[in-house]
Amino acid sequence: MTIAEIHEGRYETDYGKGVVGGPQKILIEAFDGNGEPGTSLMLGRPIPGGPFRTQADIPKENGSFDISVQS
């Protein structure tokens, strides 16, 4: 499992800690960003309609992978 935060529509995984290429399940959870430090709502409230789930065949070589989410 790999986790990456999305900021301004872009995400990046640490070198050597990315996704292993091949078929993957993708889960995207979106929050409003109005967090409350020290609570379970640190990232804010979940955006309605989520979480977004899909599957993809990720390239095995280093590179980029775009994900489109429709609200």
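This is a predicted model, so every value here is computed, not measured.

1. So, the overall build of the protein chain
Helices and strands together make up the secondary structure of the protein chain, namely zero helices and two strands. Its C-alpha atoms give the protein chain principal-axis dimensions of roughly 40 × 25 × 20 Å. Put simply, of all contacts in the protein chain between residues at least 6 apart along the chain, 44% involve residues at least 24 apart. As displayed, the protein chain has an accessible area near 6,600 Å², and 50% of this comes from carbon and sulfur atoms. Once the 6 positive and 10 negative side-chain charges of the protein chain are each reduced to a mean point, those two points are 7 Å apart.

2. A short note on a nonpolar patch on the surface
On the surface, Ile 6, Tyr 11, Ile 67 and Val 69 cluster together into a nonpolar patch covering about 320 Å² of accessible area. Along the chain, Ile 6 turns up in the segment before β1 (22-28).

3. Details of unusual backbone geometry
With an omega of -5 degrees, the peptide bond running from Gly 50 to Pro 51 counts as cis. One can find Pro 51 in the loop between β1 and β2 (52-58). Backbone geometry places Glu 8, a non-glycine residue, at a positive phi of 50 degrees. On the basis of relative accessibility, which here comes to 84%, the residue Glu 8 falls in the exposed class.

4. Points about the environment of Leu 43
Tracing the backbone through its elements, the reader meets Leu 43 in the loop between β1 and β2. Linking Leu 43 and Glu 5, residues 38 residues apart in sequence, is a C-alpha distance of 11 Å.

5. Observations regarding the layout of surface pockets
Space inside the largest pocket adds up to approximately 2,100 Å³. Considering the residues around the largest pocket, the lining is formed by 50 residues, among which Ile 3, Ala 4, Ile 6, Tyr 11 and Ile 67 are closest to the centre. Mapped by element, the contributors of at least two residues to the lining of the largest pocket are β1 and β2. It is β1 that provides the largest number of residues to the lining of the largest pocket, a total of five residues.

About the cut-offs
- Residues numbered from 1 in each chain as written.
- Predicted model: local features only at pLDDT ≥ 70, side-chain atom pairs only at ≥ 80, totals over all residues.
- Heavy atoms only, no water.
- Helix = DSSP H or I, 4+ residues; strand = E, 2+ residues; numbered from the N terminus.
- Contact = heavy atoms within 4.5 Å.
- Areas by Shrake-Rupley, 256 points an atom, 1.4 Å probe, with all protein chains shown as cover.
- Lys, Arg positive; Asp, Glu negative; His and termini not counted.
- Charge placed at Lys NZ, Arg CZ, Asp CG, Glu CD.
- Patch = residues over 30% accessible without salt bridge, like charges linked within 9 Å, V, L, I, M, F, W, Y side chains within 5 Å.
- Salt bridge = Lys/Arg side-chain N within 4 Å of Asp/Glu carboxyl O.
- Buried < 20%, exposed > 50% of the residue type's maximum accessible area, 1.4 Å probe, protein only.
- 1 Å grid on protein atoms, 1.4 Å probe; cavity = no way out; pocket = protein on both sides within 12 Å on 5 of 7 lines; lining within 4 Å.
- Points joined across faces, edges and corners; volume = space filled by probe spheres on them.

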